[in-house]
Amino acid sequence: EGCIASYCVTEPGAGSDVQSIQTEAVKDGDDYILNGSKMWITGAGYADWFFVLAYTDKTAGYQGMSGFIVDANSEGVELGKKEDNMGQRCSDTRSVTFTDVRVPSDNLVGGEENGGWMNAMKAFDLSRPTISSHAVGNARGALEEAIQYATERSTFGKPIIKHQAISFMLADMATKVEAARLLTWKAAIKSDSGEKNTLEAAHAKRFAADMAMEVTTDAVQVFGGYGYSEEYPVARRMRGAKVVQIFEGSSQIQRLIIGREMTRGN
Ligand SMILES: Cc1cc2nc3c(=O)[nH]c(=O)nc-3n(C[C@H](O)[C@H](O)[C@H](O)COP(=O)(O)OP(=O)(O)OC[C@H]3O[C@@H](n4cnc5c(N)ncnc54)[C@H](O)[C@@H]3O)c2cc1C
(Lines give C-alpha, C1' and ligand atoms only; values in the text may rest on other atoms or scores of the structure.)
Protein backbone atom coordinates (compact mmCIF):
# COMPACT_ATOMS: atom_id res chain seq x y z
CA GLU A 1 0.00 0.00 0.00
CA GLY A 2 1.47 3.35 -1.03
CA CYS A 3 1.68 6.26 1.39
CA ILE A 4 2.07 9.95 0.66
CA ALA A 5 4.36 12.16 2.71
CA SER A 6 4.58 15.95 2.63
CA TYR A 7 7.65 17.98 3.46
CA CYS A 8 6.99 20.65 6.10
CA VAL A 9 9.82 23.15 6.38
CA THR A 10 8.46 26.55 5.28
CA GLU A 11 6.48 28.69 7.75
CA PRO A 12 4.47 31.91 7.35
CA GLY A 13 7.51 33.93 8.46
CA ALA A 14 10.35 31.69 7.25
CA GLY A 15 10.95 30.41 3.72
CA SER A 16 14.43 30.97 2.29
CA ASP A 17 15.69 31.75 5.79
CA VAL A 18 15.07 28.29 7.25
CA GLN A 19 16.81 29.13 10.51
CA SER A 20 13.97 31.55 11.31
CA ILE A 21 11.42 28.77 11.76
CA GLN A 22 9.49 28.89 15.03
CA THR A 23 8.17 25.33 15.25
CA GLU A 24 9.40 23.61 18.38
CA ALA A 25 9.41 20.04 19.71
CA VAL A 26 9.78 19.57 23.47
CA LYS A 27 10.57 16.17 25.01
CA ASP A 28 7.83 14.82 27.28
CA GLY A 29 8.47 11.29 28.57
CA ASP A 30 8.72 8.95 25.57
CA ASP A 31 7.17 11.53 23.25
CA TYR A 32 7.77 14.99 21.88
CA ILE A 33 5.14 17.73 21.98
CA LEU A 34 5.14 19.61 18.68
CA ASN A 35 3.86 23.17 18.22
CA GLY A 36 4.09 25.39 15.14
CA SER A 37 2.63 26.40 11.79
CA LYS A 38 3.88 25.36 8.36
CA MET A 39 2.95 27.11 5.11
CA TRP A 40 2.80 26.17 1.41
CA ILE A 41 2.91 22.44 2.04
CA THR A 42 2.55 20.53 -1.22
CA GLY A 43 0.23 17.53 -1.11
CA ALA A 44 -0.84 18.32 2.47
CA GLY A 45 -4.48 17.44 1.81
CA TYR A 46 -3.50 13.93 0.65
CA ALA A 47 -0.59 13.24 2.98
CA ASP A 48 -0.53 10.23 5.30
CA TRP A 49 2.64 11.50 6.97
CA PHE A 50 4.42 14.81 7.39
CA PHE A 51 8.16 15.35 7.65
CA VAL A 52 8.33 18.30 10.05
CA LEU A 53 11.43 20.37 10.76
CA ALA A 54 11.38 21.78 14.31
CA TYR A 55 13.73 23.17 16.91
CA THR A 56 14.68 20.81 19.72
CA ASP A 57 17.27 23.33 20.95
CA LYS A 58 16.50 26.93 20.06
CA THR A 59 19.81 28.17 21.49
CA ALA A 60 21.89 26.16 18.98
CA GLY A 61 20.77 27.78 15.70
CA TYR A 62 20.50 25.40 12.75
CA GLN A 63 22.35 22.76 14.78
CA GLY A 64 19.38 22.64 17.15
CA MET A 65 16.88 21.45 14.53
CA SER A 66 15.37 17.98 14.33
CA GLY A 67 13.16 16.23 11.79
CA PHE A 68 10.04 14.33 12.84
CA ILE A 69 7.72 11.97 11.01
CA VAL A 70 4.20 12.95 12.07
CA ASP A 71 1.09 10.88 11.38
CA ALA A 72 -1.32 13.18 9.52
CA ASN A 73 -4.21 11.82 11.60
CA SER A 74 -2.63 12.85 14.91
CA GLU A 75 -4.72 14.91 17.29
CA GLY A 76 -3.78 18.60 16.99
CA VAL A 77 -2.95 18.55 13.25
CA GLU A 78 -5.05 21.06 11.34
CA LEU A 79 -5.02 21.73 7.59
CA GLY A 80 -5.70 25.13 6.01
CA LYS A 81 -7.70 25.71 2.83
CA LYS A 82 -6.29 24.69 -0.56
CA GLU A 83 -4.35 27.75 -1.78
CA ASP A 84 -5.61 29.48 -4.94
CA ASN A 85 -2.30 29.45 -6.83
CA MET A 86 -1.22 31.08 -10.11
CA GLY A 87 -0.24 27.77 -11.70
CA GLN A 88 0.07 24.03 -11.10
CA ARG A 89 -3.47 24.25 -9.78
CA CYS A 90 -3.97 20.50 -9.50
CA SER A 91 -1.27 20.52 -6.81
CA ASP A 92 -2.76 20.66 -3.32
CA THR A 93 -0.92 23.35 -1.33
CA ARG A 94 -2.01 24.17 2.23
CA SER A 95 -0.91 25.44 5.60
CA VAL A 96 -0.55 22.80 8.32
CA THR A 97 -0.78 23.74 11.99
CA PHE A 98 0.51 21.53 14.81
CA THR A 99 -0.97 22.26 18.24
CA ASP A 100 0.36 20.16 21.12
CA VAL A 101 0.80 17.21 18.75
CA ARG A 102 2.22 14.19 20.56
CA VAL A 103 4.94 12.49 18.45
CA PRO A 104 6.61 9.24 19.61
CA SER A 105 10.40 9.50 20.09
CA ASP A 106 10.76 6.66 17.58
CA ASN A 107 9.59 9.14 14.92
CA LEU A 108 12.63 11.37 15.41
CA VAL A 109 14.43 11.04 12.07
CA GLY A 110 17.88 9.51 12.53
CA GLY A 111 17.11 8.62 16.16
CA GLU A 112 19.12 11.53 17.58
CA GLU A 113 18.21 15.15 18.22
CA ASN A 114 19.63 18.07 16.25
CA GLY A 115 20.37 16.34 12.93
CA GLY A 116 17.34 17.87 11.23
CA TRP A 117 19.08 20.61 9.29
CA MET A 118 21.40 18.17 7.52
CA ASN A 119 18.49 15.80 6.78
CA ALA A 120 16.46 18.66 5.29
CA MET A 121 19.37 19.91 3.17
CA LYS A 122 20.30 16.40 1.96
CA ALA A 123 16.69 15.96 0.85
CA PHE A 124 17.13 19.01 -1.39
CA ASP A 125 20.18 17.42 -3.04
CA LEU A 126 17.91 14.53 -4.03
CA SER A 127 14.82 16.53 -4.94
CA ARG A 128 16.40 19.36 -6.95
CA PRO A 129 17.36 17.14 -9.93
CA THR A 130 13.76 15.88 -9.96
CA ILE A 131 12.38 19.42 -9.90
CA SER A 132 14.84 20.34 -12.66
CA SER A 133 13.53 17.50 -14.82
CA HIS A 134 10.02 18.82 -14.22
CA ALA A 135 11.14 22.23 -15.55
CA VAL A 136 12.85 20.61 -18.55
CA GLY A 137 9.69 18.65 -19.37
CA ASN A 138 7.48 21.71 -19.14
CA ALA A 139 9.85 23.73 -21.38
CA ARG A 140 10.23 20.89 -23.85
CA GLY A 141 6.44 20.66 -24.17
CA ALA A 142 6.23 24.41 -24.78
CA LEU A 143 8.99 24.18 -27.41
CA GLU A 144 7.28 21.34 -29.27
CA GLU A 145 3.95 23.16 -29.23
CA ALA A 146 5.62 26.37 -30.45
CA ILE A 147 7.37 24.56 -33.33
CA GLN A 148 4.08 22.94 -34.36
CA TYR A 149 2.22 26.24 -34.21
CA ALA A 150 4.97 28.09 -36.10
CA THR A 151 4.73 25.64 -39.01
CA GLU A 152 0.93 26.04 -39.20
CA ARG A 153 0.51 29.80 -38.70
CA SER A 154 1.25 31.99 -41.72
CA THR A 155 1.88 35.74 -41.94
CA PHE A 156 3.03 37.78 -44.91
CA GLY A 157 2.62 34.78 -47.19
CA LYS A 158 4.68 32.18 -45.34
CA PRO A 159 4.65 30.07 -42.17
CA ILE A 160 6.01 32.13 -39.27
CA ILE A 161 8.78 29.53 -38.75
CA LYS A 162 10.19 30.80 -42.08
CA HIS A 163 10.65 34.26 -40.54
CA GLN A 164 14.18 34.19 -39.20
CA ALA A 165 13.22 36.04 -36.01
CA ILE A 166 10.88 33.18 -35.08
CA SER A 167 13.20 30.36 -36.13
CA PHE A 168 16.07 31.95 -34.16
CA MET A 169 13.80 32.23 -31.12
CA LEU A 170 12.92 28.54 -31.47
CA ALA A 171 16.61 27.68 -31.90
CA ASP A 172 17.52 29.50 -28.68
CA MET A 173 14.66 27.79 -26.85
CA ALA A 174 15.90 24.39 -28.05
CA THR A 175 19.49 25.08 -26.96
CA LYS A 176 18.32 26.14 -23.49
CA VAL A 177 16.19 23.00 -23.05
CA GLU A 178 19.10 20.82 -24.14
CA ALA A 179 21.55 22.55 -21.77
CA ALA A 180 19.15 22.26 -18.82
CA ARG A 181 18.58 18.58 -19.57
CA LEU A 182 22.32 17.88 -19.51
CA LEU A 183 22.80 19.75 -16.20
CA THR A 184 19.87 17.79 -14.76
CA TRP A 185 21.31 14.47 -15.90
CA LYS A 186 24.69 15.35 -14.40
CA ALA A 187 23.14 16.21 -11.02
CA ALA A 188 21.01 13.05 -11.08
CA ILE A 189 23.87 10.75 -12.14
CA LYS A 190 26.05 12.05 -9.30
CA SER A 191 23.22 11.52 -6.85
CA ASP A 192 22.54 7.99 -8.14
CA SER A 193 26.21 7.09 -7.77
CA GLY A 194 26.15 8.21 -4.13
CA GLU A 195 28.42 11.22 -4.60
CA LYS A 196 27.75 14.60 -3.00
CA ASN A 197 25.91 16.65 -5.63
CA THR A 198 25.01 19.88 -3.81
CA LEU A 199 26.73 22.08 -6.41
CA GLU A 200 25.43 20.16 -9.44
CA ALA A 201 21.89 20.09 -8.02
CA ALA A 202 21.98 23.87 -7.48
CA HIS A 203 23.35 24.48 -11.00
CA ALA A 204 20.61 22.29 -12.49
CA LYS A 205 17.76 23.73 -10.41
CA ARG A 206 18.75 27.36 -10.98
CA PHE A 207 19.33 26.99 -14.71
CA ALA A 208 16.36 24.73 -15.45
CA ALA A 209 13.91 26.88 -13.47
CA ASP A 210 14.99 30.14 -15.12
CA MET A 211 15.21 28.43 -18.51
CA ALA A 212 11.64 27.10 -18.25
CA MET A 213 10.34 30.58 -17.40
CA GLU A 214 12.13 32.03 -20.45
CA VAL A 215 11.16 29.24 -22.84
CA THR A 216 7.50 29.16 -21.86
CA THR A 217 7.33 32.97 -22.13
CA ASP A 218 8.86 32.77 -25.62
CA ALA A 219 6.36 30.04 -26.54
CA VAL A 220 3.54 32.43 -25.65
CA GLN A 221 5.20 35.00 -27.93
CA VAL A 222 5.33 32.52 -30.83
CA PHE A 223 1.60 31.88 -30.40
CA GLY A 224 0.87 35.63 -30.49
CA GLY A 225 -2.59 36.56 -29.18
CA TYR A 226 -3.59 32.90 -29.02
CA GLY A 227 -0.74 32.30 -26.61
CA TYR A 228 -2.43 34.65 -24.17
CA SER A 229 -5.58 32.53 -24.17
CA GLU A 230 -6.15 29.67 -21.75
CA GLU A 231 -7.66 27.76 -24.71
CA TYR A 232 -4.11 27.14 -25.94
CA PRO A 233 -1.62 25.14 -23.87
CA VAL A 234 1.30 27.54 -23.52
CA ALA A 235 -0.34 30.01 -21.09
CA ARG A 236 -0.74 27.20 -18.55
CA ARG A 237 2.90 26.19 -19.06
CA MET A 238 4.06 29.77 -18.44
CA ARG A 239 2.02 30.05 -15.22
CA GLY A 240 3.29 26.68 -14.07
CA ALA A 241 6.93 27.53 -14.79
CA LYS A 242 6.95 30.45 -12.35
CA VAL A 243 6.79 28.50 -9.12
CA VAL A 244 9.87 26.45 -9.99
CA GLN A 245 11.91 29.65 -9.61
CA ILE A 246 10.46 29.99 -6.09
CA PHE A 247 10.12 26.61 -4.37
CA GLU A 248 12.78 24.05 -3.41
CA GLY A 249 15.08 27.05 -2.86
CA SER A 250 14.49 30.07 -5.09
CA SER A 251 16.78 30.97 -8.00
CA GLN A 252 18.45 33.55 -5.74
CA ILE A 253 19.08 30.93 -3.05
CA GLN A 254 20.55 28.53 -5.65
CA ARG A 255 23.03 31.26 -6.58
CA LEU A 256 23.95 31.63 -2.90
CA ILE A 257 24.55 27.85 -2.73
CA ILE A 258 26.59 27.85 -5.95
CA GLY A 259 28.72 30.73 -4.67
CA ARG A 260 29.27 28.98 -1.34
CA GLU A 261 30.05 25.57 -2.88
CA MET A 262 32.47 27.08 -5.43
CA THR A 263 34.47 28.77 -2.71
CA ARG A 264 34.27 25.95 -0.15
CA GLY A 265 37.70 25.33 1.31
CA ASN A 266 39.16 28.60 -0.04
C1 LIG B 1 3.24 26.20 -4.79
C2 LIG B 1 4.25 26.13 -3.68
C3 LIG B 1 4.53 24.90 -3.11
C4 LIG B 1 5.44 24.80 -2.04
N5 LIG B 1 5.65 23.58 -1.43
C6 LIG B 1 6.40 23.52 -0.30
C7 LIG B 1 6.51 22.29 0.46
O8 LIG B 1 5.96 21.25 0.08
N9 LIG B 1 7.22 22.31 1.61
C10 LIG B 1 7.83 23.43 2.08
O11 LIG B 1 8.46 23.36 3.15
N12 LIG B 1 7.75 24.61 1.39
C13 LIG B 1 7.05 24.68 0.23
N14 LIG B 1 6.94 25.87 -0.47
C15 LIG B 1 7.57 27.06 0.06
C16 LIG B 1 8.76 27.53 -0.74
O17 LIG B 1 9.85 26.65 -0.56
C18 LIG B 1 9.07 28.97 -0.30
O19 LIG B 1 8.03 29.79 -0.80
C20 LIG B 1 10.42 29.44 -0.79
O21 LIG B 1 11.45 28.77 -0.09
C22 LIG B 1 10.61 30.95 -0.62
O23 LIG B 1 10.30 31.34 0.68
P24 LIG B 1 9.31 32.59 0.93
O25 LIG B 1 8.08 32.36 0.11
O26 LIG B 1 9.16 32.75 2.39
O27 LIG B 1 10.05 33.83 0.32
P28 LIG B 1 11.20 34.66 1.05
O29 LIG B 1 12.19 33.75 1.66
O30 LIG B 1 10.57 35.69 1.90
O31 LIG B 1 11.89 35.36 -0.21
C32 LIG B 1 11.27 36.44 -0.92
C33 LIG B 1 12.18 36.81 -2.09
O34 LIG B 1 13.46 37.23 -1.60
C35 LIG B 1 14.49 36.42 -2.16
N36 LIG B 1 15.52 36.22 -1.15
C37 LIG B 1 15.36 35.77 0.13
N38 LIG B 1 16.52 35.73 0.77
C39 LIG B 1 17.47 36.15 -0.11
C40 LIG B 1 18.88 36.32 -0.05
N41 LIG B 1 19.58 36.02 1.05
N42 LIG B 1 19.52 36.79 -1.14
C43 LIG B 1 18.83 37.08 -2.27
N44 LIG B 1 17.49 36.94 -2.39
C45 LIG B 1 16.82 36.48 -1.33
C46 LIG B 1 13.82 35.13 -2.57
O47 LIG B 1 14.54 34.47 -3.61
C48 LIG B 1 12.47 35.63 -3.03
O49 LIG B 1 12.58 36.09 -4.35
C50 LIG B 1 6.08 25.97 -1.57
C51 LIG B 1 5.81 27.21 -2.18
C52 LIG B 1 4.90 27.30 -3.20
C53 LIG B 1 4.60 28.66 -3.80
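A quick note: this is a predicted structure, and the numbers were derived from the prediction, not measured. (Residues numbered from 1 in each chain as written. Predicted model: local features only at pLDDT ≥ 70, side-chain atom pairs only at ≥ 80, totals over all residues. Heavy atoms only, no water.)

J.: What is the right way to look at the state of the cysteines in this model?
T.: Covalent bonding between the sulfur atoms of two cysteines is what defines a disulfide. Per the stated rule, a full pass over the model turns up zero disulfides. C90 takes part in no disulfide bond, and the closest cysteine sulfur, belonging to C8, lies 19 Å away. Residue C90 is classed as exposed on the basis of its relative accessible area, which comes to 78%. (Disulfide = S-S within 2.5 Å. Buried < 20%, exposed > 50% of the residue type's maximum accessible area, 1.4 Å probe, protein only.)

J.: What should I look at first to understand the packing of helix α1 (residues 116-152) against helix α4 (residues 233-242) in this one?
T.: To describe two helices that pack against each other, one gives the angle between their axes and the distance between the axes. Closest axis-to-axis distance for the α1/α4 pair is 10 Å, and the angle between their directions is 155°. In terms of axis orientation, α1 runs roughly antiparallel to α4. Remark: the crossing between α1 and α4 carries left-handed chirality. Contact residues: G137, N138, G141, A142 and E145 in α1; P233, V234, R237, G240 and A241 in α4. (Axes fitted to C-alpha atoms, helices over the stretch in contact; angles between N-to-C directions. Helix = DSSP H or I, 4+ residues; strand = E, 2+ residues; numbered from the N terminus. Parallel < 35°, antiparallel > 145°, perpendicular 65-115°, else oblique. Left-handed = near helix turned anticlockwise from the far one by under 90°. Contact = heavy atoms within 4.5 Å.)

J.: How should a nonpolar patch on the surface be read in this particular structure?
T.: Together, L182, W185 and I189 make up an exposed nonpolar region whose accessible area comes to about 350 Å². Examined against the element boundaries, L182 turns out to sit in helix α2 (residues 164-192). (Patch = residues over 30% accessible without salt bridge, like charges linked within 9 Å, V, L, I, M, F, W, Y side chains within 5 Å. Areas by Shrake-Rupley, 256 points an atom, 1.4 Å probe, with all protein chains shown as cover. Salt bridge = Lys/Arg side-chain N within 4 Å of Asp/Glu carboxyl O.)

J.: Just checking my understanding: could you explain the site of the ligand for this structure?
T.: Around the ligand sit 17 residues in total, of which Y7, T10, S16, W40 and S250 are the nearest. A distance of 2.7 Å is found between a nitrogen atom of the ligand and a backbone nitrogen or oxygen belonging to Y7. Between the ligand and T42 there is a distance of 2.7 Å, counted from a nitrogen atom to a side-chain nitrogen or oxygen. Counting atoms within 2 Å of the grid points, the majority share of the ligand lands in the largest pocket. Listing elements by their share of the shell around the ligand, those giving two or more residues are β3 (31-42) and α5 (251-262). At three residues, β3 tops the list of elements feeding residues into the shell around the ligand. Split by residue class, the shell around the ligand holds eight nonpolar, eight polar and one charged. Mapped onto the domain boundaries, the shell around the ligand takes at least three residues apiece from domain 1 (5-112) and domain 2 (118-262). (Near = heavy atom within 4 Å. Polar contact = N/O pair within 3.5 Å; in protein donor to acceptor, adjacent residues only side chain to side chain. 1 Å grid on protein atoms, 1.4 Å probe; cavity = no way out; pocket = protein on both sides within 12 Å on 5 of 7 lines; lining within 4 Å. Sits in = over half its atoms within 2 Å of the grid points. Nonpolar A, V, L, I, M, F, W, Y, C, P; charged D, E, K, R; others polar. Domains from an automatic or database assignment.)

J.: Looking at this structure, how should I read the packing of aromatic side chains?
T.: According to the stated counting rule, one finds eight aromatic pairs in the structure shown. An angle of 50° between the planes, with centres 5.1 Å apart, marks the rings of Y62 and W117 as tilted. Pair noted here: Y62 is in the loop between β4 (49-55) and β5 (65-71) and W117 is in helix α1, with a separation of 55 residues, a long-range link. Ring geometry for Y149 against F223: centres 4.3 Å apart, planes inclined by 15°, an arrangement best described as stacked. Of this pair, Y149 sits in helix α1 while F223 sits in helix α3 (residues 198-223), and the two are 74 residues apart along the sequence. (Phe/Tyr/Trp six-rings, centres within 6.5 Å; stacked < 30°, edge-to-face > 60°.)

J.: Sorry, what's going on with the domain arrangement of the protein chain here?
T.: Interface extent is often summarised as the accessible area lost during association of the parts. When cut into domains, the protein chain gives domain 1 (5-112) and domain 2 (118-262). Taken over C-alpha atoms, the centre of domain 1 sits 30 Å from the centre of domain 2. Both faces combined, the contact of domain 1 with domain 2 buries some 890 Å², and carbon together with sulfur accounts for 64% of it. Broken down residue by residue, the surface that domain 1 buries against domain 2 is led by Y7, M86 and Q88, which jointly contribute 54%. For the interface between domain 1 and domain 2, the tally reads zero salt bridges. At the boundary of domain 1 with domain 2, the tally comes to four residue pairs in polar contact (both at pLDDT 80 or more). By residue class, the composition of the side of domain 1 that touches domain 2 is five nonpolar, three polar and one charged. (Buried area = accessible area lost by both parts, 1.4 Å probe.)

J.: It is not clear to me how the pairing of strand β7 (residues 93-104) should be interpreted in this structure. Could you clarify?
T.: Strand residues, when the strand is regular, have side chains that alternate between the two faces of the sheet. Of the pairings in the sheet, the one linking β3 to β7 comprises nine bridges and is antiparallel in character. From the neighbouring strand, D31 faces β7, where its bridge partner is P104. The pairing of strand β6 (residues 77-79) with β7 spans three bridges and is classified as antiparallel. Counted as the bridge partner of E78 is T97 from β7. (Pairing = 2+ DSSP bridges.)

J.: Any chance you could explain the side chain of S95 here in plain terms?
T.: Residue position: S95 is located in strand β7. Among residues more than four places away in sequence, those in contact with S95 are K38, M39, E78, L79 and G80.

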